[in-house]
Amino acid sequence: MTIMDSLPAAPHVGETLGRYTVERVEALPEMQGTLVLLRHELGARHAHVIRADDNSAFGVTFPTVPKDSTGVAHILEHVVLMGSQRFPVPDPFFSMLPRSLNTFMNAMTASDWTTYPFSTRNEKDFFNLLAVYLDATFFPLMRYESFRQDGHRFEFATPDDPTTPLKLQGVVYNEMKGAMASPGSVMWRAFGKALYPDLTYANNSGGAPEEIPNLSYEGLRAFHAAHYHPSNAFFYTYGQLPLARILDAIENHVMAQFAPQTLDVSIPDQPAFDAPRHESAVYPGTDVERGAQVLVGWKLGHSSDPDLNLRWSVLSDVLLGNPAAPLTRPLIESGLGSALADGSGYRDSFREGAFAAGLKGLPAGKAAEVEALVLRTLEEIAAQGIEPELIESSLHQFEIAQKEVSNSGYPFALGVMFRLLGPWLQGGDPVTGLRLDAQLSRLRADLARGPVFEPMLEGLLANPHRVTLEVAPDPALAERAEADEAALVERLSADFTDEDRARIVADSLRLKELQGQEADRSVLPTLGLGDIPTAAPAVTYQTEQPGRARVARAAQPTGGLTYLDVQLRLPALPDDLLDALPLYTFAVTRSGAAGQDYVSLARRIEAVTGGVSAAVGVGTPPDDLNAVRLAVTFSGKALARNAPALVGVLRDLIAAPDFTRDRLEQLLKQRLAGLQASVVQAGNAYAERLAAAQLSATGAVQERFSGLTALATLKATVEGEGGLDALLDRFGRLRALIRTAEPLLALTATPDDLNLDLSPLTDLFSGDAPVGRPAPALPTRAPQARTTDVPVSYNAVAFPTVPYTHPDSPALLVLSRVLRSEYLLPELREKGGAYGGAASFDPREGVFAMSSYRDPHVARTFQVFRDARAFLNGDLGERELTEAILSASKILDPLTSPDTAGRRRIYGDHAGYTQDLEQTYKARLLAVTLDDLRRVMDTYLTEGRATYGVVTGRDPNSDELRALGLTFDVQAI
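So, here is what we can say about the structure in this document. As the structure is a prediction and not an experimental result, all values here were calculated from the model.

A word on the overall build of the chain
Stage number 1. Within the chain one finds 35 helices and 31 strands.
Stage number 2. Rg of the C-alpha trace for the chain: 28 Å, near the compact-globule value of 30 Å for 973 residues, within the 12% margin.
Stage number 3. Along the longest, intermediate and shortest principal axes, the C-alpha atoms of the chain span 80 × 65 × 65 Å.
Stage number 4. Out of the 973 residues in the chain, the part that is buried amounts to 60%.
Stage number 5. Accessible area for the chain stands at about 36000 Å²; split by element, carbon and sulfur atoms hold 50% of it.
Stage number 6. Averaged over its 89 positive side-chain charges, the chain has a centre that lies 3 Å from the centre of its 121 negative ones.

Some thoughts on the pairing of strand E25 (residues 742-749)
Stage number 1. Within E25, 7 of the 8 residues are buried, which leaves the element mostly enclosed by the surrounding structure.
Stage number 2. Sheet topology places strand E19 (residues 550-555) next to E25; 6 bridges connect them, and they run parallel. Across the sheet, alanine 552 pairs through a bridge with alanine 746, a residue of E25.
Stage number 3. With 7 bridges joining them, strand E20 (residues 561-569) and E25 adopt antiparallel strand pairing. Pairing of leucine 564 across the sheet is with leucine 747, part of E25.

Here's the deal with empty space enclosed by the protein
Stage number 1. Per the counting criterion, the structure on display carries 4 cavities of 30 Å³ or more.
Stage number 2. Its boundaries defined by the atoms lining it, the largest cavity holds a volume of some 70 Å³.
Stage number 3. Contributing to the lining of the largest cavity are Asp579, Pro582, Leu583, Arg671, Leu675, Arg704, Phe705, Ala710, Thr713 and Leu714.
Stage number 4. Taken together, the elements giving at least two residues each to the lining of the largest cavity come down to helix H19 (580-588), helix H22 (661-681), helix H24 (697-706) and helix H25 (708-719).
Stage number 5. Of all the elements, H25 adds the most residues to the lining of the largest cavity, at 3 residues.
Stage number 6. Looking at side-chain class alone, the lining of the largest cavity contains 6 nonpolar, 1 polar and 3 charged residues.

So, the nonpolar core
Stage number 1. Grouped together as the largest cluster of nonpolar side chains are 96 residues, with contacts concentrated most on Phe58, Tyr116, Phe138, Leu220 and Phe235.
Stage number 2. Considering each element in turn, this core owes the most residues, 10 residues, to helix H3 (residues 123-138).
Stage number 3. Counting residues in hydrophobic clusters, the runner-up holds 74 residues, among them Leu578, Ala580, Leu601 and Tyr794.

Thoughts on the pattern of salt bridges
Stage number 1. Per the counting criterion, the structure on display carries 61 salt bridges.
Stage number 2. Its salt-bridge partner being aspartate 446, residue arginine 449 comes within 2.3 Å of it at the nearest N-O pair. Placement of both arginine 449 and aspartate 446 in helix H14 (residues 437-449) is noted, with a separation of 3 residues, approximately one turn of the helix.
Stage number 3. Judged by relative accessible area, arginine 449 falls into the exposed class, the value being 66%.
Stage number 4. Members of the salt-bridge network, linked through shared partners, are Arg24, Glu26, Glu30, Asp429, Arg435 and Asp437.

Things to note about the sheet that holds E25
Stage number 1. Read from one edge of the open sheet, 6 strands run E18-E19-E25-E20-E23-E22, paired in mixed fashion. Edge positions in the sheet fall to strand E18 (541-544) and strand E22 (612-619), since each has one partner strand and no second. With direction set aside, neighbouring strand axes in the sheet form an average angle of 20°.
Stage number 2. The pairing of E22 with strand E23 (residues 629-639) spans 8 bridges and is antiparallel. Within E23, the residue paired with alanine 614 across the bridge is phenylalanine 634.
Stage number 3. Set on the sheet, helix H21 (residues 643-655) makes contact with E20, E22 and E23; between it and E23 the angle comes to about 150°.

What about unusual backbone geometry?
Stage number 1. Of note, methionine 142 is a non-glycine position whose phi angle comes to about 50°, a positive value.
Stage number 2. Of note, methionine 142 is situated in the loop between H3 and helix H4 (144-150).
Stage number 3. The exposure class of methionine 142 is buried, given its relative accessible area of 4%.
Stage number 4. Positive phi, close to 45°, is recorded for arginine 854, a residue that is not glycine.
Stage number 5. Accessibility expressed as a relative area gives 5% for arginine 854, which makes it buried.

A look at the packing of helix H1 (residues 72-79) against helix H7 (residues 217-227)
Stage number 1. For the pair H1 and H7, interaxial distance at closest approach is 10 Å and the crossing angle is 85°. Viewed along their axes, H1 and H7 adopt a mutual orientation that is roughly perpendicular. Of H7, the residues touching H1 (which contributes Val72, Ala73, Ile75, Leu76 and Val79) are Gly219, Leu220, Phe223 and His224.
Stage number 2. Among the residues making up the contact of H1 with H7, the classes are represented as 7 nonpolar, 2 polar and no charged.

Let's talk about the packing of aromatic side chains
Stage number 1. Throughout the structure, instances matching the rule amount to 41 aromatic pairs.
Stage number 2. Ring geometry for tyrosine 804 against tyrosine 913: centres 5.0 Å apart, planes inclined by 85°, an arrangement best described as edge-to-face. Placement of the pair is tyrosine 804 in the loop between strand E27 (794-800) and helix H28 (809-831) and tyrosine 913 in the loop between helix H32 (898-910) and helix H33 (915-926), with a sequence separation of 109 residues. Neither residue differs from the other here; tyrosine 804 and tyrosine 913 are each classed as buried.

What counts and how
Residues numbered from 1 in each chain as written. Predicted model: local features only at pLDDT ≥ 70, side-chain atom pairs only at ≥ 80, totals over all residues. Heavy atoms only, no water. Helix = DSSP H or I, 4+ residues; strand = E, 2+ residues; numbered from the N terminus. Rg over C-alpha atoms; globule rule 2.2 N^0.38 Å. Buried < 20%, exposed > 50% of the residue type's maximum accessible area, 1.4 Å probe, protein only. Areas by Shrake-Rupley, 256 points an atom, 1.4 Å probe, with all protein chains shown as cover. Lys, Arg positive; Asp, Glu negative; His and termini not counted. Charge placed at Lys NZ, Arg CZ, Asp CG, Glu CD. Pairing = 2+ DSSP bridges. 1 Å grid on protein atoms, 1.4 Å probe; cavity = no way out; pocket = protein on both sides within 12 Å on 5 of 7 lines; lining within 4 Å. Points joined across faces, edges and corners; volume = space filled by probe spheres on them. Nonpolar A, V, L, I, M, F, W, Y, C, P; charged D, E, K, R; others polar. Core = buried A, V, L, I, M, F, W, Y, C linked by side-chain atoms within 4.5 Å. Salt bridge = Lys/Arg side-chain N within 4 Å of Asp/Glu carboxyl O. Axes fitted to C-alpha atoms, helices over the stretch in contact; angles between N-to-C directions. Contact = heavy atoms within 4.5 Å. Parallel < 35°, antiparallel > 145°, perpendicular 65-115°, else oblique. Phe/Tyr/Trp six-rings, centres within 6.5 Å; stacked < 30°, edge-to-face > 60°.

What follows is the structure, encoded as structure tokens:
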């Protein structure tokens, strides 16, 4: 019996399941699954994928079409998850995070839809979460206080003192202030407005900070009533659970409570432009030399057209998909900018698709030059024709995407949902999002008859519905926005009476009182410790040792794909090479090798692999945090028929990389632009690295590899005299040093494909240099702050603790979960208005951290961190402990898939983190007590051991911080 034989049988077309009718049943041979499409009497649509996967998934999606930029769809997404009829606790969503073994839980607002997805490997957990999600979305309480907390509200600086300054507050309000400081976010919003000015895409569905205060509580409730109804719902489920049981649960929880309703959430076509347009937007930024970007974009046909969608997807990949692509290369080599503009490529997320290309890393005022370059290059490509080899390479990439089943980075179960949602929501055939065989066959047939893509480009160039959009930094915008906010508050409060001010005080005190109340979470479903898998995952693999190299081969059901990783443990590394190492791994797969320039090598990689990468890693053995080890890992994947070619590519990258000064300059400017943009999006991670760098060699190395120190080093290399030449010299030394490393190769493939000849790789290594133990000097121990163009703050505190094998490590992991869910989220998000608050503990690194994300406060947040110990003396019980252990166990048992299971076990064993050791750790985790939590906090999380990091918009030093004994060393990014 095959694995498919053990799955529930698919229903038949026309069969009724309760009030559902099966409209279509479609085989999905590429993923060994079956798609069932159903419709309910109320109009609800349901897609169910039957597949042999223990990770089950659910999602309910509503088309949402806001008519303004008040953020109504986004704020509603928050508020519906803040209490419902069956679960009237203030935060059932966050309360369920630690009560569940979910592999994913979230909610998302896009330009024209809002979705609520989750996935889990536990059947009981699936139905627990299903009940909570259904009740939240269809029967939310939508309390006025929830709207004020997460939407917007007036609040006095001292909430109970009406003589102090009045200000605007709210979780979404602060989130969007941070989001709209990102040039990428500004570009995306401005692009939708510029290309579709008459449609919902012209609005900021997340909420423009200056417009969020215009949203009323009544408007929020009306939007829910108009959109969150079964007649407007698209349900999705996935896995091997019985469909009938899932449908019964949805019927009983939701459908039985509703009557049919006619809803109009349709989006019309955007009227075509008579002539191209030019638009501009600004974001708060000071980098006037390199902070601008220009995007040239066109409106295309309906994205629900499967043939059009595929052809533009392929053409976009041909034009822009790799460094050697015929549009990418001329744009970058022009020297106008450093990287492709945000939004470049084909986008099917609008009802009518869009194609765009441009550059970033520009001074302002370059829109005309970039526009001319894009148009001229496309004209040349259309006239000269596209090489058939480039088209075939792109189709090869689509073949790999069709075959690959991976949970790497994102659950495959939900990736399937997002693939079918695109056409489904726009009135197209959801099957076309999952199966491309018919469209690919038609495309290949048309290609055999003559040119396909060149006429598409000619039509694009003749299309007057074109926009050239420039997004530029405005150094005065942050100050102006702050003044505008003050003026807005003044205008909205100009007619306030004493009674109005008293009401604001009363509302603030009422909200604070509700936030402080202990909710009865016993109404929520939960799991117990008995639901936690006790065994660490076992993966069988075979090892051999040809010469210095060690080879491990793991058989997995990869669907005809081969995955190969070459991990090289480095010998002793001179300190001047440490900063060069992450730049080496970034550049090595984007440059030339073995006599091929970067263009030829990029085309070769595209033609025979599914992609290659190189990365540097930092690790320690399980019993010694000071024994730091560095490794460079080269990775790639390919169809089995191309696996020998993949070996050849990796061999050339390791043995014979070829770096040129011009290409390296291009790459470093691209990396600099990417790192600078990431600070706004991930400031909390940078703040944590600033703090952790002061504690350990591992933290210091990671700060130099991927922290703000790395950003400063890269900036100096790009801008300093002789920096590139010095780096090229270091690259030469690194290339030689890497050949002396200790190699471990991990091959993952089907049993028939495991006998791949790896000798071209293993023969490269013949040295006997021992593995090095870097011991970089730690930065001076002092609170560190870095300022950049953000209107919010990212705050972090870190503490050194113990290695993996220490008996206290599991208690520290549980403590991080308790503080996150029971203390920091309520204090920082609900009460403080930050978008996020977290505690984290990496058992392999031994660093405990607390942090906040998009936070309107600095001093208040560090006081919250200080008060964490007092919180532990409060009313904590077995419920909180059990939930924290459940939450911690998910970290120890991550979701894997055939592509990752083998390498995780192989490299874990090699580093000393064996299956037996993981099981010992989990056994200790299950035995953690509340007394253990208090003890480890008193032992390791003391003030004298703390280090601090902040990323913010201005000098954070204040009287309030000094009262805490904190004075930050402030440097501009």
